[in-house]
Amino acid sequence: MASSSLRSVNPNAEIMNKAAALFMNINAAKGLQDVMKSNLGPKGTIKMLVGGAGQIKLTKDGGALLAEMQIQHPTAIMISRTAVAQDVQTGDGTTTAVLFCGELLKMAERELNEGVHPRVLTDGFEMAKDHALEFLDEFKIKHDKIAENRALLVDVARTSLRTKLDRKLADQLCEIVVDAIACIVRDDHLGIDLHMVEVMHMRHKNAADSRLIRGILMDHGARHPDMPKSMKNCYVLTCNVSMEYEKTEHDSSFFYKNAEEREKMVNAERRFTDTKVKQVIELKKKVCTPENGYNFVVFNQKGIDPISLDMLAKEGILGLRRTKRRNMERLTLACGGIPMNDTCDLT
């Protein structure tokens, strides 16, 4: 027997000819289409997703559904990635992308049953794509200075949100969405950075209470009772300086002979932290005078111990510790300046 007639395969593998594999891929696309088509449009049904730990999620957003679904078939995974790319590029149209792919393969199945070669069908898809792009170029309506046309942007947001939310809530949120984007848009190469928009969930409020805050909203406040709760006309210091006792990066030990040596070591550690706090206080006294009436706020990415908080509170300084990194980036963009990594650089 010739060696070319022998074939070694995994005994657990499922073997099928090319025609059966082709129709299996089409069936996978049709199955994914059947799952997604019922939630398309404003009258679409809402899907309930139940996690392994019993988490319940109600949504009709195609992107959320594809992210939560555990898809195993390679063809269905490719279609899911197409929808994800659509969501990344435009933020909408994920369900439509899945339905469009499924419908094209469903129509191709008819031609395959009549004996048309797949290569001919792919060439037809390419020609149809070129014709569709030409039609869209002729059909589209051009608008100059779209970013300044708020009414048009609200209509675009309403078209997308009404397919996912209640009509009344969607009309309320579409204006909030447009105003939020208008707050973060930039004229440089960065354009629009959606990470600059923070969505905070208030468990004790209703969805109808949603509102836009034109500023920076942070989910942490002062940790000292004597610090002011509200301040206006402030100088803002953003820093990444530890104002508390820190352990060494490497394991180390200190040995002392008596209580006096231990007391000296504790005082030296405290003096090291107090020096940095006093430098911040000196900066506050320099820039905030009784004549100008300005206040002083410190946003620190690292910790501030209770003693340091008390020192800042006595000087009327509002100190916020362990500020999240993304909030530090937003603060520097909103207020200007650069974050300080050493108090010796304060001027």
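Each chain carries its own residue numbering, running from 1 in the direction its sequence is written. Totals for whole chains, interfaces and linings use all residues, but because this is a predicted model, local features are given only for residues with pLDDT of at least 70 and pairs of side-chain atoms are given and counted only at 80 or more. Water and hydrogen atoms play no part in the side-chain values, which are based on all heavy atoms of the structure.

Time to look at the overall build of the chain. Per the secondary structure count, the chain includes 10 helices and five strands. Taken against the 2.2 N^0.38 rule, which gives 20 Å for 347 residues, the C-alpha radius of gyration of the chain at 31 Å runs more than 25% over that of a compact globule. Considered along the principal axes of its C-alpha atoms, the chain spans approximately 95 × 65 × 40 Å. Throughout this description, buried means an accessible area under 20% of the type-specific maximum (1.4 Å probe, protein chains only), exposed means over 50%, and partly exposed covers the range between. Each of the 347 residues in the chain was classed as buried or not, and the buried ones make up 27%. Any two residues having at least one pair of non-hydrogen atoms within 4.5 Å are treated as being in contact. Within the chain, counting contacts between residues at least 6 apart in sequence, those at least 24 apart form 64% of the total. The accessible surface values rely on the Shrake-Rupley method and a 1.4 Å probe; as for residues, cover is taken only from the protein chains in view. Taken as a whole, the chain presents about 25,000 Å² of accessible surface, with 55% of it coming from carbon and sulfur. Here a strand is any run of E in DSSP of at least two residues, a helix any run of H or I of at least four, and the numbering for each starts at the N terminus. The size measure is the radius of gyration over C-alpha atoms, and the globule rule it meets is 2.2 Å times the number of residues to the 0.38 power.

Only Phe, Tyr and Trp rings are paired, with Trp represented by its six-membered ring, and only when their centres lie within 6.5 Å; those with planes under 30 degrees apart are stacked, over 60 edge-to-face, the remainder tilted. Evaluation of the coordinates by the stated rule reveals two aromatic pairs. Residues F135 and F139 carry aromatic rings whose centres are separated by 5.4 Å and whose planes lie at 15 degrees to one another, so their mutual orientation is stacked. Here F135 pairs with F139, and both are found in helix α5 (residues 118-139), just four residues apart, close to one helical turn. The exposure class assigned to F135 is partly exposed, which follows from its relative accessible area of 46%.

Looking now at the sheet that holds strand β3 (residues 234-239). Hydrogen bonds between backbone atoms are what pair the strands of a sheet, whose relative direction is either parallel or antiparallel. Think of it this way: DSSP has to see at least two bridges between two strands before they count as a pair. Across the sheet, three strands lie side by side as β3-β4-β5; this open sheet has parallel pairing. Each edge of the open sheet is held by one strand with a lone partner, namely β3 and β5 (318-320). Direction aside, neighbouring strands of the sheet carry axes that sit 15 degrees apart on average. The pairing of strand β4 (residues 295-300) with β5 spans three bridges and is parallel. Counterpart to V298 in the pairing with β5 is G319. Strands β3 and β4 of the sheet are contacted by helix α8 (residues 259-287), whose axis makes an angle of about 150 degrees with β4. Lines fitted to C-alpha atoms define the axes here, with helix axes fitted over just the stretch in contact, and angles between the N-to-C directions of these axes take values from 0 to 180 degrees.

Another aspect to go through is the pairing of β4. Among the six residues in β4, five count as buried, and that is most of the element. Sheet topology places β3 next to β4; six bridges connect them, and they run parallel. Paired with V236 across the strands is V297, a residue of β4. When the strands point away from the viewer and the connection leading from the first strand across the helix to the second strand turns clockwise, the crossover is called right-handed. Tracing the backbone out of β4, into helix α9 (residues 306-314) and back to the parallel element β5 gives a crossover that is right-handed.

In a pair of packed helices, the angle between the axes and the distance between the axes together describe the arrangement. One way to put it is that helix α3 (residues 74-90) packs onto helix α4 (residues 94-113) with a least axis distance of 8 Å and a crossing angle of 145 degrees. Both α3 and α4 take part in a crossing whose hand is right-handed. Touching I79, A83, Q86 and D87 of α3 are T94, A97, V98 and C101, all from α4. By residue class, the composition of the contact of α3 with α4 is five nonpolar, two polar and one charged. By definition, turning the near helix anticlockwise from the far helix through less than a right angle yields a left-handed crossing, and turning it clockwise yields a right-handed one. In the scheme used here, Gly and all other residues not listed as nonpolar or charged are polar, with Ala, Val, Leu, Ile, Met, Phe, Trp, Tyr, Cys and Pro taken as nonpolar and Asp, Glu, Lys and Arg as charged.

With that settled, the discussion passes to the pairing of strand β2 (residues 56-59). Bridge count for strand β1 (residues 47-50) against β2 is four bridges, and the pairing is antiparallel. Across the sheet, the residue bridging to L49 is K57, located in β2. Hairpin geometry of β1 and β2 is characterised by an intervening segment of five residues between the two adjacent antiparallel strands and by a positive phi of about 90 degrees at G54.

This part takes up helix α6 (residues 150-161). Working rule for helices: expected span equals 1.5 Å times residues minus one. Given a rise of 1.5 Å per residue, 12 residues ought to cover 16 Å, and the 16 Å separating the end C-alpha atoms of α6 matches this to within 8%. Along α6, the positions that sit buried rather than exposed are V154, A157, S160 and L161. For α6, the arc enclosing every buried residue in end-on projection is 125 degrees, short of the 170-degree limit, so these residues lie on one face. The exposed set on the far side of α6, more than 90 degrees from its buried face, consists of A151, V156 and T159. Lining the buried residues of α6 we find α7 (167-184). The directions from the helix axis to the C-beta atoms form the arc being described.

Let us look at the environment of L331. Mapped onto the elements of the fold, L331 is located in helix α10 (residues 325-335). Sequence spacing of L331 and Q301 is 30 residues, and the spatial spacing of their C-alpha atoms is 12 Å. Beyond its immediate chain neighbours, meaning those up to four positions away, L331 contacts I216, M218, T238, F299 and G336.

We now examine the nonpolar core. By nonpolar core we mean a set of buried residues, namely Ala, Val, Leu, Ile, Met, Phe, Trp, Tyr and Cys, connected to one another through side-chain atoms within 4.5 Å. Membership of the largest hydrophobic core comes to 28 residues, with the highest contact counts inside it found for L237, C239, V280, F296, V298, F299 and L312. Among the secondary structure elements, those contributing two or more residues to this core are β3, α8, β4, α9, β5 and α10. What F296 contacts, discounting residues up to four positions off in sequence, is M231, Y235, L237, V280, L283, K284, V287, C288, G316, I317 and L318. In this structure, M36, L49, L66 and I79 belong to the second largest nonpolar core, which totals 11 residues.

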